[in-house]
Amino acid sequence: MAYATTNPFTNEQIEVFPNSTDAEVQTALDMAHVAFRSWRETSFAERATVMQNAADILRRDIDSYSKILTLEMGKLFGEAKAETELSAAIFDYYAKNAERLLAPEELPVATPAEGRAKIIHQPLGVLLTVEPWNFPFYQVARIIAPQLSAGNTVLLKHASNVPQCAAAMDRLMIEAGLPNGAFRNLYADYKQISRIIADHRVRGIALTGSEGAGARVASEAGSALKKCTMELGGADAFIVLEDADLEKTVKWAVFGRHWNAGQVCVSSKRMIVVDSVYDVFLAQYREGVGRLKMGDPMDPTTTLAPLSSQGAADNLREQVEAAVKAGAKAEEIPLDLPNAGAFFRPVILTEVDESNPAMREEFFGPVSMLFRAKNEDDAVRIANATPYGLGGSVFTRDEARGKRVAQRIETGMVFVNHPTMVKADLPFGGVLRSGFGRELVGLGIKEFVNHKLIDFVDIDAQF
Ligand code: NAP
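Residues numbered from 1 in each chain as written. Predicted model: local features only at pLDDT ≥ 70, side-chain atom pairs only at ≥ 80, totals over all residues. Heavy atoms only, no water.

Caption draft 1: Examining the packing of aromatic side chains more closely. All chains considered together, the criterion is met by twelve aromatic pairs. An angle of 80° between the planes, with centres 5.0 Å apart, marks the rings of tyrosine 93 and tyrosine 94 as edge-to-face. Members of the aromatic cluster, joined through ring pairs, are Phe135, Tyr138, Trp252, Phe255 and Trp259. For arginine 142, the ring lying beneath its charged end belongs to phenylalanine 428, and the centroid distance is 4.2 Å. Looking at lysine 227, its charged tip hangs above the ring of phenylalanine 448, at a distance of 5.6 Å from the centre. (Phe/Tyr/Trp six-rings, centres within 6.5 Å; stacked < 30°, edge-to-face > 60°. Lys NZ or Arg CZ within 6 Å of the ring centre and 35° of its normal.)

Right, dumping it as structure tokens:
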């Protein structure tokens, strides 16, 4: 694959970047390994200064950073600024909390003879992170802020359509004062990635992306007996119960499916609405989607961005056609199409039955599936009728009911009365084919550390 910037608003290729050479990959590995030996010895306070600097730089230069996001993957400029701010908040979070999260833990033991036992958390070494284009800064921050704070060093392979975003993260960490080699972006091809995974100095792999990429990279990590985390796709349920505040629920549904042009792992992709409010919901949802405006992502009045590339739009079109061929009904919402760009008119799919392949696929763009549920139990059944297990939401005025339904949805995250709270201080991750492991908060920083037991035992204690 070629690393290139193509503006999705114009479909114009702006710049092509040469792949990293094998020698560059080797040098990056050598440097990351050398940097690890000293970085692991630095204090939490020193690492926190670098993380805080990264947060401050992102905020100081928020416009220039955000423009690169919009240029390369087409997201609305307002969303790009929100992503840059969220990335800064993640650096803030670990600057403030890494030391506390990795503090040694004394273990309660049954008898004094077992000794004074504690667990300390030590960094593993060089990590490889493979990241997608849909949140080019946030996804990288989710790995490098915790892992660098823990004392690991990181090599990045970013998606081939966001090379300037990847380079911007490289520059950010250098400017923030990170030692040379402790974080490095590579324009690596898949073969080079395989060699990095197999290299004995690489101790862990964190991938965010599709199931296909996850399966390949996880199997390579498995062959090399290396720990990995997988943040993969989703088909989140958005359950609407009859006691929901319908007007506000519809507003959240339109937002939940269309922010970032619908290209979010935790988009509200499947709306499951109980029978008694289904027709009203559908009518209001159609109206709400019909009020979206496609256009220049830099224009503040635009509310629906182009997709990340023309290829992405073409693939989505094929998925919709396949769903229709298998019996679904597709309703295209007739928004005005700009003259050029990777735009995709929103589609509402209904009558998707269980044999339809759409039930087992992720639609990465403004395509909503609507399901009519008989009641609460039936809504939970439909919500769980997917191979994915990332997020989901339930809308109800009754908190106890919301909690009950949330507990029955088989995913890593459920939000009651919200499509998805993406924040620096909430964990992120899924189960089933959405992957394994967690990012952010204490769970994320503990994914790539050695939880080492140290036990001080009385030399006269019995075995
Ligand atoms: P993708 O095609 O799987 O690519 C993700 C990354 O993996 C890219 O850097 C890609 O590089 C790389 N890659 C793919 N195959 C590889 C291989 N065999 N060896 C090494 N690297 C490989 O996914 P995407 O289209 O960029 O992103 C969308 C997907 O990510 C969706 O499924 C979405 O749900 C998921 N996602 C999940 C989360 C989460 O936290 N769970 C968050 C965001 C997105 P190239 O670009 O060079 O191919």
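What follows continues from the structure just given.
Caption draft 2: Representation of the sheet that holds strand 4 (residues 116–123). Spatially, 3-4-20 is the arrangement adopted by the three strands of the open sheet, whose pairing is antiparallel. The open sheet terminates on both sides in strands that have one partner only, identified here as strand 3 (105–106) and strand 20 (449–456). Examined bridge by bridge, strand 4 and strand 20 share eight bridges and lie antiparallel to one another. Residue pairing for strand 20: isoleucine 120 is matched across the bridge by lysine 452. (Pairing = 2+ DSSP bridges. Helix = DSSP H or I, 4+ residues; strand = E, 2+ residues; numbered from the N terminus.)

Caption draft 3: Local environment of the nonpolar core. Counting 66 residues, the largest nonpolar core has Phe91, Ile144, Leu148, Leu172, Met173, Phe183 and Phe428 as the members making the most contacts within it. Listed by contribution, the elements that provide at least two residues to this core are helix 1 (22–39), helix 2 (44–60), helix 3 (62–73), helix 4 (77–101), helix 5 (138–150), strand 6 (153–157), helix 6 (163–175) and helix 14 (441–445). Not counting chain neighbours up to four residues away, the residues in contact with isoleucine 144 comprise Phe91, Ser149, Val154, Met169, Met173 and Phe183. Membership of the second largest hydrophobic core comes to 56 residues, among which are Ile272, Val273, Ala323 and Leu335. (Core = buried A, V, L, I, M, F, W, Y, C linked by side-chain atoms within 4.5 Å. Buried < 20%, exposed > 50% of the residue type's maximum accessible area, 1.4 Å probe, protein only. Contact = heavy atoms within 4.5 Å.)

Caption draft 4: Region of the structure containing the packing of helix 2 against helix 5. The geometry of helix 2 relative to helix 5 is characterised by a closest axis approach of 9 Å and an angle of 155° between their N-to-C directions. What the angle tells us is that helix 2 and helix 5 run roughly antiparallel. Note on packing geometry: the crossing formed by helix 2 with helix 5 is right-handed. Contacts between helix 2 and helix 5 involve Phe44, Arg47 and Met51 on the former and, on the latter, Ala145, Leu148, Ser149 and Ala150. Split into classes, the residues belonging to the contact of helix 2 with helix 5 amount to five nonpolar, one polar and one charged. (Axes fitted to C-alpha atoms, helices over the stretch in contact; angles between N-to-C directions. Parallel < 35°, antiparallel > 145°, perpendicular 65-115°, else oblique. Left-handed = near helix turned anticlockwise from the far one by under 90°. Nonpolar A, V, L, I, M, F, W, Y, C, P; charged D, E, K, R; others polar.)

Caption draft 5: Representation of helix 7 (residues 190–198) in the model. Looking only at helix 7, the buried set comprises Gln192, Ile193, Ile196 and Ile197. The buried residues of helix 7 occupy an angular sector of 145° when the element is viewed end-on, so they sit on one face. Along helix 7, the residues that are exposed and aim more than 90 degrees away from the buried face are Lys191 and Ala198. Looking at the buried side of helix 7, the elements it contacts are helix 1, strand 5 (126–130), strand 6, strand 7 (183–186), strand 8 (202–208) and helix 8 (211–223). (Arc of directions from axis to C-beta.)

Caption draft 6: Expanded view of the environment of proline 427. Tracing the backbone through its elements, the reader meets proline 427 in the loop between strand 17 (415–416) and strand 18 (431–432). You can call proline 427 partly exposed: its relative accessible area is 37%. With sequence-adjacent residues up to four places away left out, proline 427 is seen in contact with Met413, Glu439, Leu440, Val441 and Leu443.

Caption draft 7: The arrangement of the environment of threonine 350 in detail. Turning to its location among the elements, threonine 350 is positioned in strand 13 (residues 347–350). Sequence separation between threonine 350 and serine 368 is 18 residues, and the spatial gap between their C-alpha atoms is 8.5 Å. Filtering out sequence-adjacent residues up to four positions away, threonine 350 remains in contact with Tyr278, Ala328, Lys329 and Leu370.

Caption draft 8: Quick look at the packing of helix 3 against helix 4. Interaxial distance between helix 3 and helix 4 falls to 8 Å at its minimum, and their mutual angle equals 120°. With respect to each other, helix 3 and helix 4 are oriented oblique. Of the two elements, helix 3 crosses helix 4, and the hand of that crossing is right-handed. When helix 3 is examined against helix 4, the residues Ile62, Asp63, Tyr65, Ser66, Lys67, Leu69 and Thr70 are found in contact with a partner set consisting of Phe77, Ala80, Lys81, Glu83, Thr84 and Glu85. Class assignment of the residues belonging to the contact of helix 3 with helix 4 gives a composition of five nonpolar, three polar and five charged.

Caption draft 9: Inspection of the side chain of histidine 418 at higher detail. On the secondary structure map, histidine 418 appears in the loop between strand 17 and strand 18. Reaching out from histidine 418, the side chain makes a polar contact with the backbone nitrogen of threonine 420 at a distance of 3.1 Å. Sequence-distant contacts of histidine 418, that is, excluding residues within four places in its chain, are made with Trp252, Ser393 and Phe395. (Polar contact = N/O pair within 3.5 Å; in protein donor to acceptor, adjacent residues only side chain to side chain.)

Caption draft 10: Just unusual backbone geometry, in detail. Positioned with a positive phi, asparagine 417 is a non-glycine residue whose angle comes to about 70°. Mapped onto the fold, asparagine 417 is located in the loop between strand 17 and strand 18. For asparagine 417, a relative accessible area of 35% gives the class partly exposed. You will see that leucine 440, though not glycine, has its phi angle at about 75°, which is positive.

Caption draft 11: Fine view of the layout of surface pockets. A volume near 1,100 Å³ is recorded for the largest pocket. Pro132, Trp133, Gly209, Ser210 and Ala213 are, among the 43 residues lining the largest pocket, the residues nearest its centre. For the lining of the largest pocket, the elements supplying multiple residues, two or more each, are helix 5, helix 7, strand 8, helix 8 and helix 11 (310–325). Classifying every residue of the lining of the largest pocket gives 18 nonpolar, 16 polar and nine charged. When its volume is computed, the second largest pocket comes out at roughly 370 Å³. Along the walls of the second largest pocket sit 15 residues, with Ala82, Leu86, Phe255, Trp259 and Val422 positioned nearest its centre. (1 Å grid on protein atoms, 1.4 Å probe; cavity = no way out; pocket = protein on both sides within 12 Å on 5 of 7 lines; lining within 4 Å. Points joined across faces, edges and corners; volume = space filled by probe spheres on them.)

These figures capture arrangement, not role.
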